[in-house]
Amino acid sequence: MSHDRLERTQKLDRTHFKQHTGIYPETFAEMEIVLHQRERSKKKPGRPTALHVSEQLLLTLEFWRAYRTFAHLGHDWNIHETTVQRTVERVETALIQSGAFRLPGRKSLKEEENVCQILAVDAAETPCERPTSKQRRWYSGKKKRHTLKTQVVINVSTRMILCVATAFGSMHDLTLFRRSGLRIHPETALISDAGYQGIRRHHGHSVTPHKATKKASLTPEQRQQNRELASTRLRIEHVIRRLKVFRVLKDVYRHRRRRFSIRVNLIAAVCNCTVARVA
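As the structure is a computational prediction, the values presented were derived from the model and not from experiment.

Conventions used here
Residues numbered from 1 in each chain as written. Predicted model: local features only at pLDDT ≥ 70, side-chain atom pairs only at ≥ 80, totals over all residues. Heavy atoms only, no water. Helix = DSSP H or I, 4+ residues; strand = E, 2+ residues; numbered from the N terminus. Rg over C-alpha atoms; globule rule 2.2 N^0.38 Å. Buried < 20%, exposed > 50% of the residue type's maximum accessible area, 1.4 Å probe, protein only. Salt bridge = Lys/Arg side-chain N within 4 Å of Asp/Glu carboxyl O. Expected span 1.5 Å × (residues − 1). Bend = angle between axes of the 7 residues up to and from the residue. 1 Å grid on protein atoms, 1.4 Å probe; cavity = no way out; pocket = protein on both sides within 12 Å on 5 of 7 lines; lining within 4 Å. Points joined across faces, edges and corners; volume = space filled by probe spheres on them. Nonpolar A, V, L, I, M, F, W, Y, C, P; charged D, E, K, R; others polar. Phe/Tyr/Trp six-rings, centres within 6.5 Å; stacked < 30°, edge-to-face > 60°.

## Considering the overall build of the chain
A tally of helices and strands in the chain yields 11 helices and 6 strands. Its C-alpha atoms give the chain a radius of gyration of 21 Å, near enough to 19 Å, the size a compact globule of 279 residues would have. Taken along its principal axes, the extent of the C-alpha atoms in the chain is 70 × 45 × 35 Å. The buried share of the chain, taken over its 279 residues, is 46%.

Structure below.
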């Protein structure tokens, strides 16, 4: 039954395959290679797994893409829900440890190819279940609910994600930027939204929208500058939308919050692969 499920998915055309899994078949093949290498490197194979390596990967992608419960996935794949959980976590660990699906990271912000580029930073929030303790720490006044916050830094010209950082929902965007330890080259331009007012103290070559005050409204020149900035900054909104195609980052997050950062990094790296395929 599970083997038939894999065969039906592999027979889909490129467009429908991406709709179902969130990635292109070429990326799926690269991920398969990583998992096969991990299986061959085992010194002790242990008990045979319930699903083949390719089926384990497809199961994990279905979990990311639709974010169904382990019980529902287990019913569809004819395995127990705890087996689904172990399989998903095993695949995620193998992918992140391989190094093949990692983001360029904070060090890339000082590389020569990014020095003269325009970078953009923004934060997105994922709702989560109400925690049993320290509820105020996870409560977002902006969303009026408990959330997990994700900071995303992209290269505006290539739309590639360079690095991400996660935090609890009550943390301010600028505080997250400061605590993430980003060190950007002084000649690199950094654009952000109005939530990052004061970022110039941390990076001098930063651009944020002009804000009107009670005593002074915006001039026509400032309004035009805000429109131009918004049209450029729109690209990072598209990147965040690409991340949230995977419902695990959009719907109410039900699982352990300490696992959230791993999933954000993996999905961001997979989205970079998608951008590279399109380019």
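Alright, that's what it looks like, and here's the rest.
## Some remarks on the pattern of salt bridges
Per the stated rule, a full pass over the model turns up 12 salt bridges. Between Glu-39 and Lys-42 there is a salt bridge whose closest N-O contact spans 3.4 Å. Residue Asp-251 pairs with Arg-247 through a salt bridge whose shortest N-O separation is 3.0 Å. Judged by its relative accessible area of 23%, Asp-251 is partly exposed. Salt bridges linked by common partners bring Arg-5, Glu-62, Arg-68 and Asp-76 together as one network.

## Notes on helix 10 (residues 220-243)
In this model, helix 10 (24 residues) spans 35 Å end to end at C-alpha, consistent with the 34 Å of a helix rising 1.5 Å per residue. At Thr-232, helix 10 shows its largest bend, some 30°. Restricting attention to buried positions, one finds in helix 10 the residues Asn-226, Leu-229, Arg-233, Ile-236, Val-239, Ile-240 and Leu-243.

## Topic: empty space enclosed by the protein
All chains considered together, the criterion is met by 3 cavities of 30 Å³ or more. The calculated volume of the largest cavity comes to roughly 70 Å³. Lining the largest cavity are Ala-124, Glu-125, Thr-126, Thr-150, Ile-240, Leu-243, Lys-244, Leu-249, Phe-260 and Val-264. Looking at the lining of the largest cavity, the elements that each hand over two or more residues are strand 1 (118-127), helix 10 and helix 11 (260-278). Tallying contributions element by element places strand 1 first for the lining of the largest cavity, with 3 residues. For the lining of the largest cavity, the class distribution of residues is 6 nonpolar, 2 polar and 2 charged. What the second largest cavity holds in volume is close to 50 Å³. Lining the second largest cavity are Leu-35, Arg-38, Glu-39, Gln-56, Arg-90, Val-91 and Ala-94. Elements with a minimum of two residues in the lining of the second largest cavity: helix 3 (25-41) and helix 6 (81-98).

## Some remarks on the packing of aromatic side chains
As enumerated under the stated definition, the model contains 8 aromatic pairs in all. A ring pair is formed by Phe-17 and Phe-28, whose centres lie 5.6 Å apart and whose planes are at 85°; its orientation type is edge-to-face. In this pair, Phe-17 is assigned in helix 2 (residues 14-21) and Phe-28 in helix 3, connecting sequence segments 11 residues apart. Residue class for Phe-17 comes out buried when judged on its relative accessible area of 3%. On the basis of relative accessibility, which here comes to 4%, the residue Phe-28 falls in the buried class. Arranged with centres 5.4 Å apart and planes meeting at 65°, the rings of Phe-63 and Tyr-67 form a pair that is edge-to-face. Pair check on accessibility: Phe-63 and Tyr-67 agree, each one buried.

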